[in-house]
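This is what each chain is made of:
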Amino acid sequence: MTARRALITGVTGQDGSYLAELLLERGYEVHGLIRRSSTPGTDRLPGAVRGALVLHPGDMTDASSLVAALSHSEPDEIYNLAAQSHVGVSFAQPVYTADVIALGTSRLLEAIHTLGLRPRLYQASTSELFGRGARCPQREDTPFAPCSPYAIAKAAAHRLVCVHREVHGLHASNGILFNHESPRRGEGFVTRKITRAVGRIVHGLQDRLVLGNLEARRDWGFAGDYVEAMWRMLQQPTGDDYVVATGHSHSVARFCQLAFDCVGLDWGAHVEIDPALHRPIEIDEIVGDATRARERLGWSPTLKLEALVSMMVEADLRRASMERRGCG
């Protein structure tokens, strides 16, 4: 029996690496879209995964490269994870953010349509769509009120996927994923900023951690759990939209406390606040209701926040140890 083929855009990111692992374990032939660069950019991919992938050079801003990648891979499933995914950066680079996310998704959809392909498509949406002041918890029918260039671009991509689903009959699902973290999370995100600082403080490489708004509350889950939900969406008879979340929100201060507790340190003695690090428009609380995903997909998170934080701290302690020894 011929293995199913999947194409992952954003394969070198946190979610792409976990998803590639999952699909390979399930017998898929996995293709990935990767931007050309002077450095490989595949550090998040475990060695065995890296060696098993079929990589295609391409970029969401270049329609011809998307056509080429689709033509060569002829995927049964497409997971569109590529993005400029940092909310803060999107305020500094709004045009680029929109080009990659909104127009990039449009280019991908148009390439699928032009080539006459009939894959199943997963589109990475985000809890940032709901914006400030949305009722809690947020569900699939909660009105969108995006308040960053990143969220606005994601809202456009989300709606484009809905249109192609309704007009062209594309089997497409939007995964409205709430915050999901792991040891593979980029260092620019607050969770990794915290756990990396803990590791470096323990090993004497830094003595303080500077953060912005400690009162912001987020619904944090484990990225490895969330890619399972992505896969399950594309195994359904029809496409739909799904919130993927734990249903519990915690403050940034609580995340800090848990991280420093892992190494027996008082977080208050090491954390400083810099108002300049606050977002231009702050979302006070995000917490999701994943009832639809639980009932239709049979999905539920496996890791609680305490276990997730411990996993991340342990990984960053190892990294800091290597850094101190000059190994990384």
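Presented here is a report on the structure given in the accompanying data block. (Residues numbered from 1 in each chain as written. Predicted model: local features only at pLDDT ≥ 70, side-chain atom pairs only at ≥ 80, totals over all residues. Heavy atoms only, no water.)

## With respect to the packing of helix H3 (residues 63–73) against helix H5 (residues 94–115)
Logical step 1: Running from amino to carboxyl end, H3 crosses H5 at an angle of 45°, the nearest separation of the two axes being 9 Å. With respect to each other, H3 and H5 are oriented oblique. Our pair here, H3 against H5, has a crossing hand that is right-handed. In this structure, H3 contributes Ala63, Leu66, Val67, Leu70 and Ser71 to the contact, and H5 contributes Gly104, Arg107, Leu108, Ala111, Ile112 and Leu115.
Logical step 2: Here the residues of the contact of H3 with H5 sort into eight nonpolar, two polar and one charged. (Axes fitted to C-alpha atoms, helices over the stretch in contact; angles between N-to-C directions. Helix = DSSP H or I, 4+ residues; strand = E, 2+ residues; numbered from the N terminus. Parallel < 35°, antiparallel > 145°, perpendicular 65-115°, else oblique. Left-handed = near helix turned anticlockwise from the far one by under 90°. Contact = heavy atoms within 4.5 Å. Nonpolar A, V, L, I, M, F, W, Y, C, P; charged D, E, K, R; others polar.)

## Things to note about the environment of Trp299
Logical step 1: Residue placement: Trp299 occurs in the loop between helix H10 (291–297) and helix H11 (305–324).
Logical step 2: A C-alpha to C-alpha distance of 34 Å links Trp299 and Ala63, two positions 236 residues apart in sequence.
Logical step 3: Side-chain polar atoms of Trp299 contact the backbone oxygen of Asp225, separated by 2.9 Å. (Polar contact = N/O pair within 3.5 Å; in protein donor to acceptor, adjacent residues only side chain to side chain.)

## As for the packing of aromatic side chains
Logical step 1: Summed over all chains, the structure comprises six aromatic pairs.
Logical step 2: Ring geometry for Tyr18 against Phe222: centres 5.6 Å apart, planes inclined by 80°, an arrangement best described as edge-to-face. Linking Tyr18 in helix H1 (residues 14–25) with Phe222 in strand S10 (residues 221–222), this pair joins segments that are 204 residues apart in sequence.
Logical step 3: On the basis of relative accessibility, which here comes to 12%, the residue Tyr18 falls in the buried class.
Logical step 4: Taken together, the aromatic side chains of Phe130, Phe144 and Phe178 make up a single cluster linked through ring pairs.
Logical step 5: Between Arg184 and the ring centre of Tyr18, over which it is positioned, the NZ or CZ distance is 3.9 Å.
Logical step 6: In this structure, Arg185 packs its charged tip against the face of Phe189, placed 3.8 Å from the ring centre. (Phe/Tyr/Trp six-rings, centres within 6.5 Å; stacked < 30°, edge-to-face > 60°. Buried < 20%, exposed > 50% of the residue type's maximum accessible area, 1.4 Å probe, protein only. Lys NZ or Arg CZ within 6 Å of the ring centre and 35° of its normal.)

## Points about the pairing of strand S11 (residues 241–244)
Logical step 1: Of the two faces of S11, the one lined by Asp241 and Val243 and the one lined by Tyr242 and Val244 are each fully buried.
Logical step 2: Bridge count for strand S6 (residues 171–177) against S11 is four bridges, and the pairing is parallel. Bridge pairing links Gly175 to Tyr242 in S11. (Pairing = 2+ DSSP bridges.)

## Focus on the nonpolar core
Logical step 1: Within the largest apolar cluster, 55 residues are counted, with the highest numbers of intra-cluster contacts made by Ile8, Leu23, Tyr79 and Tyr122.
Logical step 2: Once residues within four sequence positions are removed from consideration, Tyr79 is found in contact with Ala6, Leu7, Ile8, Thr9, Leu19, Leu23, Tyr122, Met230, Trp231, Leu234 and Gln235.
Logical step 3: Judged by nonpolar contacts, the second largest core, of 18 residues, contains Leu108, Ile112, Val161 and Leu170. (Core = buried A, V, L, I, M, F, W, Y, C linked by side-chain atoms within 4.5 Å.)

## Some thoughts on the environment of Thr2
Logical step 1: Its location among the elements puts Thr2 in the segment before strand S1 (5–9).
Logical step 2: Overall, the relative accessible area of 65% leaves Thr2 in the exposed class.
Logical step 3: Separated by 26 residues in the primary sequence, Thr2 and Tyr28 place their C-alpha atoms 9.2 Å from one another.

## Some details on the side chain of Asn80
Logical step 1: Positionally, Asn80 belongs in strand S4 (residues 77–80).
Logical step 2: Only 2.6 Å separates the side chain of Asn80 from the side chain of Thr9, close enough to count as a polar contact.
Logical step 3: Apart from residues no more than four positions distant in its own chain, Asn80 is found in contact with Thr9, Met60, Thr105, Leu108, Leu121, Tyr122, Gln123 and Ala124.

## Considering helix H6 (residues 149–168)
Logical step 1: Here H6 contains 20 residues, and its C-alpha end-to-end distance of 28 Å stays within 8% of the 28 Å for a straight helix at 1.5 Å per residue.
Logical step 2: Within H6, burial applies to Pro149, Tyr150, Ala151, Ala153, Lys154, Ala155, Ala157, His158, Val161, Cys162, His164 and Arg165.
Logical step 3: On the buried face of H6, the contacting elements are helix H4 (87–92), H5, strand S5 (120–126), S6 and S11.
Logical step 4: Of the residues one or two after H6, Gly169 is the one with positive phi, at around 70°. (Expected span 1.5 Å × (residues − 1).)

## Considerations on the side chain of Lys154
Logical step 1: Secondary-structure assignment places Lys154 in helix H6.
Logical step 2: Lacking a salt bridge, the buried Lys154 has Asp15 as its closest oppositely charged neighbour, with an N-O distance of 8.4 Å.
Logical step 3: Look past the residues within four positions of Lys154 in its chain and what remains in contact with it is Ala83, Ile101, Gln123, Ala124, Thr126 and Leu129. (Lys, Arg positive; Asp, Glu negative; His and termini not counted. Salt bridge = Lys/Arg side-chain N within 4 Å of Asp/Glu carboxyl O.)

## Considerations on the sheet that holds strand S3 (residues 54–57)
Whenever strands of a sheet pair, they do so through backbone hydrogen bonds, lying parallel or antiparallel.
Logical step 1: Sheet architecture is open: seven strands sit in the order S3-S2-S1-S4-S5-S6-S11, paired in parallel fashion. At either end of the open sheet lies a strand with only one pairing partner, and these are S3 and S11. Recorded for the sheet is a direction-independent mean angle of 20° between the axes of neighbouring strands.
Logical step 2: Sheet strands touched by H5: S4 and S5. Its angle to S4, the strand with the most contacts, is close to 170°.

## Here's the deal with unusual backbone geometry
Logical step 1: Cis peptide bonds are those with omega within 30 degrees of zero, and the linkage from Cys136 to Pro137 qualifies with -5°.
Logical step 2: Looking at the secondary structure, you find Pro137 in the loop between S5 and H6.
Logical step 3: In this structure, Glu74 takes a positive phi of about 40° despite not being glycine.
Logical step 4: With respect to the helices and strands, Glu74 occurs in the loop between H3 and S4.
Logical step 5: For Glu74, a relative accessible area of 46% puts it in the partly exposed group.

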